[in-house]
Amino acid sequence: MKTHRLGDFGDDVGLLQRRLIRAGFALAVTHVYDDATETAVKAIQTKTGLVVDGIAGPKTLAAIATGRRDPKHLSDADIVQAAAALGVQVACVRAVNEVESSGSGFLSDGRPVILFERHIFWQRLQARGINPEPLAARYPDIVSQTRGGYKGGSAEYMRLASAEMIDAGAAYESASWGAFQVMGRNWERLKYESVDEFVSRMEGSEGEQLDAFVRFVAADPNLLAALKARKWVQFAKGYNGAAYAQNLYDVKLARAFERYAPTDKAAA
């Protein structure tokens, strides 16, 4: 399913408008994602408890069809609670959610989104007293000193399963999990009892995945200060690493915040 937002146009937008009409909203089928369409999307998001961003993605389309939110999906209350926990504007968390989460923390089969990092697996094996060099010669896609080997989507679980055969704990620590892609190796610093507990929480809901993000930011004073001050370059660099500039994360965060800030101020 495509994700649509204000300004989009085409047959898919027309289909979205027809779905909203069937759900009881008075709209014209213009095939343009106009203000009226965004207002209707926000209304269904508010009614079902989804994050209110006016963006029609798979979770919103499901809510239009069923009239309810899947309990595993992020709620607007989760966003507000996260902002309070971090002491930042709600618009800051809304912006991060839009830019970082890619729309969903779960695959269509219900498993959390993951990305297995073979260079982290090398490091975690070393930390457990396992020599990664002979393994890298046999399994270069999952053990290496450099990034890469990515398969994407559900295929990342095939890489994870292969790594589990070598060392399950190190494998879990070497994947980033959920909507906010928090790396498993952070489990102890984020005060989870074990990497198994961390993974179990990530399997539970997007609310739990957001909680992992809150813990991650709260554990780094510089990152938290950057988010509070809306210093997007510093925040993006601290959260995304050196690739932040190439992917324009700071620019995307700043633009998303500006869209959400007026609404949040009005709500306050």
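Structure's up top.
Small disclaimer: the values here were computed from a predicted structure and weren't measured. (Residues numbered from 1 in each chain as written. Predicted model: local features only at pLDDT ≥ 70, side-chain atom pairs only at ≥ 80, totals over all residues. Heavy atoms only, no water.)

**Points about helix H12 (residues 221-228)**
Because an α-helix completes one turn every 3.6 residues, residues spaced three or four positions apart along the sequence face the same direction. All buried positions along H12 are accounted for by Leu223, Leu224, Ala226 and Leu227. Relative to the axis of H12, the buried residues are bounded by an arc of 160° and lie together on one face. For H12, exposure combined with an orientation more than 90 degrees from the buried face picks out Pro221 and Asn222. On its buried side, H12 packs onto helix H4 (76-86), helix H5 (90-100), helix H11 (206-218) and helix H13 (232-240). (Buried < 20%, exposed > 50% of the residue type's maximum accessible area, 1.4 Å probe, protein only. Helix = DSSP H or I, 4+ residues; strand = E, 2+ residues; numbered from the N terminus. Arc of directions from axis to C-beta. Contact = heavy atoms within 4.5 Å.)

**Comments concerning the pattern of salt bridges**
Per the stated rule, a full pass over the model turns up 13 salt bridges. Linking Glu173 and Arg124 is a salt bridge whose minimum nitrogen-to-oxygen distance equals 2.9 Å. Highlighted residues: Glu173 in helix H9 (residues 168-173) and Arg124 in helix H6 (residues 118-127), separated in sequence by 49 residues. You can call Glu173 buried: its relative accessible area is 3%. By relative accessible area, Arg124 is classed as partly exposed at 24%. In this structure, Asp211 engages Arg215 in a salt bridge whose closest nitrogen and oxygen atoms are separated by 2.9 Å. Here Asp211 pairs with Arg215, and both are found in helix H11, just 4 residues apart, close to one helical turn. Asp211 sits in the partly exposed class, given a relative accessible area of 28%. With a relative accessible area of 22%, Arg215 lands in the partly exposed category. (Salt bridge = Lys/Arg side-chain N within 4 Å of Asp/Glu carboxyl O.)

**Details of the packing of aromatic side chains**
Counting across every chain of the model gives 8 aromatic pairs. Taking the centre distance of 5.2 Å and the plane angle of 75° together, the rings of Tyr192 and Phe198 count as edge-to-face. Neither residue differs from the other here; Tyr192 and Phe198 are each classed as buried. Between the aromatic rings of Phe216 and Tyr239, the centroid separation amounts to 5.6 Å while the plane-to-plane angle is 85°, which identifies the pairing as edge-to-face. Taken as a pair, Phe216 in helix H11 and Tyr239 in helix H13 lie far apart in primary sequence, 23 residues in all. The exposure classification of Phe216 matches that of Tyr239, with both residues buried. Grouping aromatic residues by their ring pairs yields a cluster made of Phe180, Phe213, Phe216, Trp232, Phe235, Tyr239 and Phe257. A cation over an aromatic ring shows up here: Arg111 above the ring of Tyr157, its NZ or CZ 4.2 Å from the ring centre. Its end group placed over the ring of Tyr249, Lys252 keeps NZ or CZ at 5.8 Å from the ring centre. (Phe/Tyr/Trp six-rings, centres within 6.5 Å; stacked < 30°, edge-to-face > 60°. Lys NZ or Arg CZ within 6 Å of the ring centre and 35° of its normal.)

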